[in-house]
Amino acid sequence: MRPSIDGTAFGHITIAGESYEHDVVIRLSGDVKKRKKKLSKAQYGTSHMVSLAEAEHIFEAGAKRLILGSGQSGSVELSDEAAEYFRTNGCAVQLLPTPQAITAWNAAKGAVIAMFHVTG
């Protein structure tokens, strides 16, 4: 069951009544997991560029769409390799600042996964 996202402010996101003070990934099952941003930081020196290794962690077989909340001011981007990985696996990516991505998530239907960056 897909959890509803209640809101966000700099440094946190509230999902189904529970506040998280870190970036999160939401799985097809609705499970909320901590983002493994170290996978991107190891390659780019920042978590504001999603690496291929992190894309492989975020993706889940059967997902047709990824809603990527790029932060309060939209600072997160996909690397070319990550974008190609999602494309190759038939997963469309919707990259939006986190507040708009929450609106998209709450209205989403079907096989959707998400990643939300809660700062920048």
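Anything mentioned here points back to the structure above.
Residues numbered from 1 in each chain as written. Predicted model: local features only at pLDDT ≥ 70, side-chain atom pairs only at ≥ 80, totals over all residues. Heavy atoms only, no water.

## Focus: helix H4 (residues 98–107)
What H4 keeps buried is the set Thr-98, Ala-101, Ile-102, Ala-104 and Trp-105. One face of H4 carries all of its buried residues, which in axial projection span an arc of 165°. Seen from the open side of H4, the exposed residues pointing more than 90 degrees away from its buried face are Thr-103 and Ala-107. The elements touched by buried residues of H4 are strand E1 (5–9), strand E2 (12–15), strand E4 (24–26), strand E7 (65–69), strand E9 (92–96) and strand E10 (112–116). (Buried < 20%, exposed > 50% of the residue type's maximum accessible area, 1.4 Å probe, protein only. Helix = DSSP H or I, 4+ residues; strand = E, 2+ residues; numbered from the N terminus. Arc of directions from axis to C-beta. Contact = heavy atoms within 4.5 Å.)

## Here's the deal with the side chain of Thr-98
Tracing the backbone shows Thr-98 in helix H4. Looking at Thr-98, the relative accessible area reads 0%, which means it is buried. Engagement of the side chain of Thr-98 in a polar contact is seen with the backbone oxygen of Gly-69, the distance being 3.4 Å. Discounting residues that sit within four places of it in the chain, Thr-98 has contacts with Thr-8, Gly-69, Ser-70, Gly-71, Gln-72, Phe-116 and His-117. (Polar contact = N/O pair within 3.5 Å; in protein donor to acceptor, adjacent residues only side chain to side chain.)

## Some words on the pattern of salt bridges
Inspection of every chain in the model, using the stated rule, returns three salt bridges. Residue Arg-35 is joined to Asp-23 by a salt bridge in which the shortest nitrogen-to-oxygen separation is 2.8 Å. With a gap of 12 residues between them, Arg-35 in the loop between strand E5 (32–34) and helix H1 (38–44) and Asp-23 in the loop between strand E3 (18–20) and E4 connect regions that are remote in the sequence. Given the relative accessible area of 4%, Arg-35 is considered buried. With relative accessibility at 5%, the residue Asp-23 sits in the buried group. Arg-87 is paired through a salt bridge with Glu-84; the nearest N and O atoms lie 2.9 Å apart. Of the two residues, Arg-87 and Glu-84 are both situated in helix H3 (residues 80–88); the distance of three residues between them amounts to about one turn of the helix. (Salt bridge = Lys/Arg side-chain N within 4 Å of Asp/Glu carboxyl O.)

These results come straight from atomic positions and should not be treated as a statement about function.
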